Amino acid sequence: MNTTDYLIVKPSIIGEDGARMYYTRSAATYDWRTSYETAHHREAIQRIGIREGDHVLEVACGTGRATVELAQQVGQMGKLDALDLTQAMMARAQEKIRGLGLQQRVEFRTGNANHLPYEDGAFDVLYNAYMFDLIPVEQFTTILTEFKRVLKPGGRLMLVNMSKDRGGKTLYEALYRRGLAGACRPVALSGVLNTVGFESITRQYRRNVAGIIPLPFGTEIVSGRKAITA
Ligand SMILES: C[S@@+](CC[C@H](N)C(=O)[O-])C[C@H]1O[C@@H](n2cnc3c(N)ncnc32)[C@H](O)[C@@H]1O
């Protein structure tokens, strides 16, 4: 899919305050409304191959659906930093982590993906799911450059997003533009990863299925690696 295919649909949530308000309102129902995404998180985390002792950053951790598995995979010697814009979403992630007694391994922070409050080259892995599909295309490069900055040389990036498997406007996008669909629209990130200088880029496309009902959009699982030499 080329860039113009996803530039045609602008996000419906406007700005940082808009996103915070929307997710503060939807935190309580978020997990059951998007339960079909769980399988995609599982596949993405398995693909990225986290090793015990790794230092992992999850940007936009939300209610912690991936946070729990990431925290388990870093092991006792590893560490997970988790960041989100919306305190109400993150509070649910914190509750899940506390419930499993994993709080020693995870440090939560509120913040914006545009300006990550972390040192250069701090992380082995950066995981980010279902965030770019609600962000304006104009911010993609800035955010991915920020992701690259905080990764170690050779560090791995995993992105999961609502996407589509063909060019042109889909029926879902037509509804979305009229405010008749959810908060997210399909995006395609592999090309942008390439522009920002990530290497070894891969993309898998998966259909979204709620129970036995196929949904009119899917998910892309995109990975890349920061070059070992600058
Ligand atoms: C669709 S939810 C996904 C949550 C989680 N990643 C998941 O897959 O379950 C989007 C999350 O992104 C967060 N978010 C939106 N814009 C953000 C930004 N610029 N920086 C950090 N988090 C952001 C929202 O607060 C929300 O928790």
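First things first, this report covers the structure right here in the doc. In this text the structure is predicted, and so the values were computed from the model without any measurement.

Here we look at the site of the ligand
Logical step 1: Residues in close proximity to the ligand total 19 residues, the closest being A60, G62, L85, T86 and A113.
Logical step 2: In terms of residue class, the shell around the ligand is built from 11 nonpolar, five polar and three charged.

Focus on unusual backbone geometry
For residues besides glycine, phi is generally negative; the peptide bonds are generally trans as well.
Logical step 1: Phi angles above zero are rare outside glycine, and A60 is one such case at about 65°.
Logical step 2: Structurally, A60 can be placed in the loop between β1 (55–59) and α5 (67–74).
Logical step 3: A residue is classified by how many C-beta atoms lie within 10 Å of it, and A60, with 25 of them, is buried.
Logical step 4: Its identity is not glycine, yet S200 carries a phi of approximately 50°, on the positive side.
Logical step 5: Position of S200 relative to the elements: it lies in strand β6 (residues 199–210).
Logical step 6: Here S200 falls in the exposed class, since 11 other C-beta atoms lie within 10 Å of it.

A closer look at the pairing of strand β4 (residues 123–129)
Logical step 1: The buried fraction of β4 is high, at seven of seven residues.
Logical step 2: Bridge count between β1 and β4: four bridges; the pairing is parallel. Across the sheet, E58 pairs through a bridge with Y127, a residue of β4.
Logical step 3: In the sheet, β4 pairs with strand β5 (residues 151–163) via six bridges, with the strands oriented parallel. When the sheet's bridge partners are listed, Y127 is paired in β5 with M158.
Logical step 4: Handedness of the β4-helix α7 (residues 140–150)-β5 crossover: right-handed.

Description of the pairing of β6
Residues in a regular strand point their side chains to alternate faces of the sheet.
Logical step 1: One ladder, built from nine bridges, connects β6 with strand β7 (residues 213–225); its direction is antiparallel. Note on β7: the bridge partner recorded for Y205 is E220.
Logical step 2: As consecutive antiparallel partners, β6 and β7 are separated by two residues, and within that stretch G211 has a phi angle of approximately 65°, a positive value.

Examining helix α4 (residues 38–48)
Given 3.6 residues to a turn, an α-helix orients residues that are three or four positions apart in the same direction.
Logical step 1: Residues of α4 that are buried include every one of H40, H41, A44, I45 and I48, and no others. In a view along the axis of α4, the buried residues occupy a sector of 130°, so they form one face of it.
Logical step 2: The elements touched by buried residues of α4 are α5, β4, β5, β6 and β7.
Logical step 3: Directly after α4, the chain includes G49, whose backbone phi takes a positive value near 65°.

What counts and what doesn't
Residues numbered from 1 in each chain as written. Predicted model: local features only at pLDDT ≥ 70, side-chain atom pairs only at ≥ 80, totals over all residues. Near = placed C-beta within 6 Å. Nonpolar A, V, L, I, M, F, W, Y, C, P; charged D, E, K, R; others polar. Helix = DSSP H or I, 4+ residues; strand = E, 2+ residues; numbered from the N terminus. Buried ≥ 20, exposed ≤ 12 C-beta atoms within 10 Å, placed from the backbone. Pairing = 2+ DSSP bridges. Right-handed = clockwise from strand over helix to strand, strands pointing away. Arc of directions from axis to C-beta. Contact = placed C-beta atoms within 7 Å.

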